[in-house]
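# Topology and contacts: notes
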Amino acid sequence: YFCRHGERWELQLKGSGKTPYSRNGDGRAVLRSSVREFLCSEAMHYLGIPTSRAASLVVSDDDVWRDQFYNGNIKKERGAIVLRLATSWFRIGSLEILAHSGELDLQRRLLDFIIQQHFPSIAMNDSNRYLEFFSTVVSETANLIALWMSVGFAHGVCNTDNFSLLSITIDYGPFGFMDSYDPNFVPNTSDDERRYKIGNQANVGLFNLSKLLQALKPLLDPRQKQLASQILEGYGERYYIRFIELFKTKLGLLGENEDDNYLIAFLLKVSLLC
């Protein structure tokens, strides 16, 4: 879909029913989660955080059965369908699954399509285009997670299927916002191991990017593989720099001062004790 501004958007219905990829699910969504996605995706957009958008929400006449708290208490709920939009719905998992199944020709065609459509700064005749693509995704993923942390947003399910190759926030499920600072905050009641706690999101981002690199390696030569590993090693520094920039802005700190980082860490620690 091309809007009146010439922007290209991909439309997707969430909750409309089964697809070939539904596995054992029913492909439906309940009203409460649909309203949450609609409101949060729009809120994130107006907070200046890259995200999918919600265009409409339609309530269904069909009943949907869900175990909301994963405690064996299944209840009947009202169904709904959300029309959501994004510049692309391709995820790290989109490339990961092709690499895992050895479909390298298809993976190469898909990757070239993604670069041509969504990464205009990368020349298609550049032999290092996959390396440039990876570098961009690493940098933008670090930026996205730093933005999440700056507003206290916890995604809830940060697996490779929920991480966009365009580094936008997608797939709003058991997300949450912290009411008060707590690095152990987990919005997902089924995350018993606290893998996706808010304080671990940057580390999970690194893990997912390592999976992306693993998927890209069959398409890279030995020199490019080495350079890609170096790019990945720089992820932590990119994240930290952006994190500090955002918190300096929140605190109104101007210029460069060697005590700024200490002050931010001190205030977060004080917030934890309050």
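Residues numbered from 1 in each chain as written. Predicted model: local features only at pLDDT ≥ 70, side-chain atom pairs only at ≥ 80, totals over all residues. Heavy atoms only, no water.

## A few points about the state of the cysteines
For clarity, the threshold we go by: Sulfur atoms of two cysteines make up a disulfide when they are within 2.5 Å. The buried label goes to any residue with under 20% of its type's maximum accessible area, the exposed label to any with over 50%, and the partly exposed label to all in between, with areas taken from a 1.4 Å probe on protein chains only.
For the coordinates displayed, the defined rule picks out zero disulfides. Take cysteine 40: it sits in no disulfide, and the sulfur closest to it among the cysteines is that of cysteine 158, at 13 Å. A relative accessible area of 1% places cysteine 158 in the buried class.

## A short note on helix α7 (residues 235–251)
Each turn of an α-helix holds 3.6 residues, which means side chains three or four residues apart point in the same direction. Just so we agree on the cut-off: Counting from the N terminus, the helices are the DSSP runs of H or I reaching at least four residues and the strands are the DSSP runs of E reaching at least two. By this rule the span expected of a helix is its residue count minus one, scaled by 1.5 Å. The contact definition used throughout considers only heavy atoms, calling two residues in contact when any of these lie within 4.5 Å.
The terminal C-alpha atoms of α7 lie 24 Å apart, and with 17 residues this matches the ideal 24 Å at 1.5 Å per residue to within 8%. Of the positions making up α7, those classed as buried are Tyr235, Tyr239, Phe243, Ile244, Leu246, Phe247 and Lys248. Lining the buried residues of α7 we find α4 (129–150), α5 (201–216), α6 (222–233) and α8 (260–273).

## Focus on unusual backbone geometry
A positive phi angle, close to 55 degrees, is found at serine 167, a residue other than glycine. Although it is not a glycine, aspartate 171 adopts a positive phi angle of roughly 55 degrees. Within the secondary structure layout, aspartate 171 lies in the loop between β5 (153–154) and β6 (176–177). Residue classification places aspartate 171 among the buried residues on the basis of a relative accessible area of 13%.

Function-wise, these values are silent; they only describe arrangement.
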